[in-house]
Amino acid sequence: MSVTLIIGSQWGDEGKGKIVDFLSLQSDYIIRFHGGNNAGHTVVNKYGKFPMHLVPSGIFSKRATGIISNGVILDLEVLISEIEMLKKSGIKLKNRLLISPRCHLIMPYHKLLDQVYEEAKGKNKTGTTGRGIGPTYADKVSYNGIRIWDLLDTKRFSEKLEIQLKIKNGILKSLGKKPLSAKTIEKTFFEMRGKIMPYIAEPFLLLQKALKEKKKILLEGAHAVFLDPDWGTYPYVTASTIVAGGINSQAGIPPKFLSDVVGVVKAYTTRVGEGPFPTELTGATGEILRKAGNEFGTTTGRPRRCGWFDAELIRFAALLNGFTSIAITKLDVLDSFSEIKVCVGYKYKGEKATYSQGDDQFLMKVVPVYKTLKGWQATTNGLTDYKKLPLNAKKYIEEIEKLTGVSVKYISTGPHRHDIIVK
Ligand code: IMP
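Presented here is an overview of the structure given in this document.

### A few points about the nonpolar core
Alright, step 1. The biggest cluster of nonpolar side chains holds 68 residues, and the ones touching the most others in it are Ile31, Ile217, Leu219, Ile253, Leu331, Leu334 and Tyr396.
Alright, step 2. Non-local contacts of isoleucine 31, meaning those with residues more than four positions away in its chain, are made with Ile67, Ser69, Leu207, Ile217, Leu218, Leu219, Glu220, Ala251 and Ile253.
Alright, step 3. Core analysis: the second largest hydrophobic core is formed by 38 residues, Val55, Ile91, Ile148 and Ile196 among them.

And the structure:
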């Protein structure tokens, strides 16, 4: 096993940070390769509790080098404050954190545009994190982006900024917002430039060498399969490619090197923002899950929508991405339930239905078919040995394996690095 991809397999917040932090202890390189600070990966280890938004969650491993590759978009203020937070906690970053100069920058107008698009959509809004993600990627693919490479050359940065402000201020003014000043943006960006300079380095050749030498590379996926713009519940998705194939364009890793694809799933399902969610529980049971799982967003603090485990989703995600194993997180959140339901498939107008056959409107109408399992009503918190799991918890895991066709390799039983069963 030399190149492992960790991929969130529901609608985000599956606990990928914890799995990455654990696996990073045996990795040489950890790559965050897409998305921006809309992602929030929580890591709890001997150094403390860290809400990570941009720096790879594996940076705490002494062995590993952290890489932010070209597919990531950067809000420099957030990046700098994360770097400062890590340095203050004693994490050494010099020569251990590399940032690709190909990364696009989230500019102040992207955040404003994110807001105005959402306002314009009204009740059909996406429910974005408001971090400017969609508008930044839109500029990237329409050749209007500004990259770190541009920031390294102040003249080029100012020229590009002037053109973009001409366009963006026009849009902002027409929607009743104040235009932005080039001078203010230049001043902040030129100041921030010095702080990130020590970490800027194109990682391509370094990674090619690592592949040749069979070094262990861990790709830290952000968000989740059902937020992918092609395969997720469009338009209730995020902007970057999340599925396994994205490692080529967004990290420069040829797909043929991928040896393991670990789908991370919560033992139940959650979602923030709008969009279909077939197994959502809007009543008291959903409330119990939210409380027990502390289901509030790492990035925005929004309460997460909660529901039962949806095997139809995971079966689809496994086929699409070629999962080689599954990591289940937050099993302990189900400890108190006397009965636990699992969605085994969907029905639409009384007929069997699948995730892939319809769009967001269709998925809002499908009816989940449930199987009810007995709960274990015993604590699993902190367990590290599969044999010690209560019998009904083992049955729950086995049911998930049967329904998804993928074996469960990791079971997370608490927030700390070592609260984990390797099966
Ligand atoms: P955006 O990525 O801020 O544009 O938001 C688009 C949608 O993706 C919204 O529903 C967000 O709540 C959701 N989203 C984006 N990133 C994450 C994540 O890391 N976890 C959970 N939801 C996310």
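### Quick look at the state of the cysteines
Among covalent bonds in proteins, the disulfide is the one between the sulfur atoms of two cysteines.
Alright, step 1. For the structure on display, the rule yields zero disulfides.
Alright, step 2. Cysteine 306 takes part in no disulfide bond, and the closest cysteine sulfur to it belongs to cysteine 343, at a distance of 16 Å.
Alright, step 3. Residue classification places cysteine 306 among the buried residues on the basis of a relative accessible area of 0%.
Alright, step 4. The buried category is assigned to cysteine 343, whose relative accessible area is 0%.

### Let's talk about the pattern of salt bridges
Alright, step 1. In the structure shown here, the tally under the stated rule is 23 salt bridges.
Alright, step 2. Between aspartate 13 and arginine 304 there is a salt bridge, and its shortest N-O distance comes to 3.4 Å. Taken together, the residues span a long stretch of sequence, with aspartate 13 in the loop between β1 (3-8) and α1 (16-24) and arginine 304 in the loop between α10 (284-292) and β12 (305-307) at a distance of 291 residues.
Alright, step 3. Of the charged contacts in the structure, one is a salt bridge between glutamate 287 and arginine 290, with a shortest N-O distance of 2.8 Å. Separated by three residues within a single helix, glutamate 287 and arginine 290 lie in helix α10, roughly one turn from each other.
Alright, step 4. Classification of glutamate 287 as partly exposed rests on a relative accessible area of 43%.

### Some thoughts on a nonpolar patch on the surface
Alright, step 1. A surface patch of nonpolar side chains, about 320 Å² in accessible area, is lined by Ile163, Ile167, Ile171 and Leu175.
Alright, step 2. Mapped onto the elements of the fold, leucine 175 is located in the loop between α6 (154-174) and α7 (182-196).
Alright, step 3. Since its relative accessible area comes to 45%, leucine 175 is described here as partly exposed.

### Examining helix α3 (residues 108-121)
In an α-helix, one full turn covers 3.6 residues, which means residues spaced three or four apart are oriented alike.
Alright, step 1. For α3, which comprises 14 residues, the first-to-last C-alpha distance of 21 Å matches the rise-based estimate of 20 Å (1.5 Å per residue) to within 8%.
Alright, step 2. Structurally, α3 contributes buried residues whose contacts are with β8 (104-105), α4 (133-141) and α6.
Alright, step 3. Remark: glycine 122 follows α3 within two positions and exhibits a positive phi of approximately 55°.

What counts as what
- Residues numbered from 1 in each chain as written.
- Predicted model: local features only at pLDDT ≥ 70, side-chain atom pairs only at ≥ 80, totals over all residues.
- Heavy atoms only, no water.
- Core = buried A, V, L, I, M, F, W, Y, C linked by side-chain atoms within 4.5 Å.
- Buried < 20%, exposed > 50% of the residue type's maximum accessible area, 1.4 Å probe, protein only.
- Contact = heavy atoms within 4.5 Å.
- Disulfide = S-S within 2.5 Å.
- Salt bridge = Lys/Arg side-chain N within 4 Å of Asp/Glu carboxyl O.
- Helix = DSSP H or I, 4+ residues; strand = E, 2+ residues; numbered from the N terminus.
- Patch = residues over 30% accessible without salt bridge, like charges linked within 9 Å, V, L, I, M, F, W, Y side chains within 5 Å.
- Areas by Shrake-Rupley, 256 points an atom, 1.4 Å probe, with all protein chains shown as cover.
- Expected span 1.5 Å × (residues − 1).

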